[in-house]
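Secondary and tertiary structure notes
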Amino acid sequence: MVWIRNYIFAPITEEFVFRACMLNLIIHCTKPLITVFVCPLFFGAAHLHHMLEQVRFGDTWKNAILTSSFQFLFTSAFGSYSAYLFLRTGHIIAPILVHSFCNAMGVPHFDRLNELSPNQRIISIGALVIGFGSWIILLSPLTDPSLYGNKLPWVSEI
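Residues numbered from 1 in each chain as written. Predicted model: local features only at pLDDT ≥ 70, side-chain atom pairs only at ≥ 80, totals over all residues. Heavy atoms only, no water.

Summing up its helical and strand segments, the protein has six helices and zero strands in all. Viewed in the frame of its principal axes, the protein has a C-alpha envelope of about 50 × 40 × 30 Å. Out of the 158 residues in the protein, the part that is buried amounts to 30%. Only carbon and sulfur atoms are counted for the fraction: they give 73% of the accessible area of the protein, which is about 10200 Å². Charge-centre separation for the protein: the mean point of 9 positive side chains lies 2 Å from the mean point of 8 negative side chains. (Helix = DSSP H or I, 4+ residues; strand = E, 2+ residues; numbered from the N terminus. Buried < 20%, exposed > 50% of the residue type's maximum accessible area, 1.4 Å probe, protein only. Areas by Shrake-Rupley, 256 points an atom, 1.4 Å probe, with all protein chains shown as cover. Lys, Arg positive; Asp, Glu negative; His and termini not counted. Charge placed at Lys NZ, Arg CZ, Asp CG, Glu CD.)

Below is the structure:
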């Protein structure tokens, strides 16, 4: 049942609330680019309840605060990406799909690179660099509003 929550229910409901509803309200009060960075702060804050869960399950307050602070930054950064996708495509399905994918993949464990042999480490780092570079290069062309029939008023500003 946890996988249904993490990969289906949470992405659909969170993206609906934070992108389709909240972002649409905020964008009418400020510029689209500001919206991409402000709205995700609410998304990040909505995940702070995990701090109480950690303490309840025996973790120290210090560790729970550190973990939750990192999670706030990570979810806020992800929220900016989701907001950008939503504004560029004009559709909610893109943020839902990347949210499910992100939940499935989790946070990258760069510390585990040290556990690999030198050849495996080089290949892994190379793949990471190529993947990140490809994402940077392809993000704008693959989210071109004209590909999705997005004629919303803020398209020219994002």
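Attention now goes to a nonpolar patch on the surface. Together, Met1, Trp3, Ile4, Tyr7, Ile8, Phe9 and Ile12 line one region of the surface with nonpolar side chains, adding up to about 760 Å² of accessible area. Structurally, Ile8 is set in helix 1 (residues 2-26). (Patch = residues over 30% accessible without salt bridge, like charges linked within 9 Å, V, L, I, M, F, W, Y side chains within 5 Å. Salt bridge = Lys/Arg side-chain N within 4 Å of Asp/Glu carboxyl O.)

This brings us to the packing of helix 2 (residues 32-45) against helix 4 (residues 61-89). Helix 4 packs onto helix 2 with a crossing angle of 135° between their chain directions and a minimal axis gap of 7 Å. With respect to helix 4, the element helix 2 is oriented oblique. Here helix 2 runs over helix 4; the crossing is right-handed. Between helix 2 and helix 4, the residues in contact are Pro32, Val36, Phe37, Pro40, Leu41, Phe43, Gly44 and Ala45 and Phe72, Thr75, Ser76, Phe78, Gly79, Ser80, Ala83, Tyr84 and Leu87, respectively. Across the contact of helix 2 with helix 4, the residue classes tally to twelve nonpolar, five polar and no charged. (Axes fitted to C-alpha atoms, helices over the stretch in contact; angles between N-to-C directions. Parallel < 35°, antiparallel > 145°, perpendicular 65-115°, else oblique. Left-handed = near helix turned anticlockwise from the far one by under 90°. Contact = heavy atoms within 4.5 Å. Nonpolar A, V, L, I, M, F, W, Y, C, P; charged D, E, K, R; others polar.)

It is the contact of helix 1 with helix 2, at a shortest axis distance of 10 Å, that shows an interaxial angle of 135°. Comparing their axes, helix 2 and helix 1 come out oblique. Remark: the crossing between helix 1 and helix 2 carries right-handed chirality. Between helix 1 and helix 2, the residues in contact are Glu14, Glu15, Phe18, Arg19, Met22, Leu23 and Ile26 and Thr35, Cys39, Phe42 and Phe43, respectively. Classifying every residue of the contact of helix 1 with helix 2 gives seven nonpolar, one polar and three charged.

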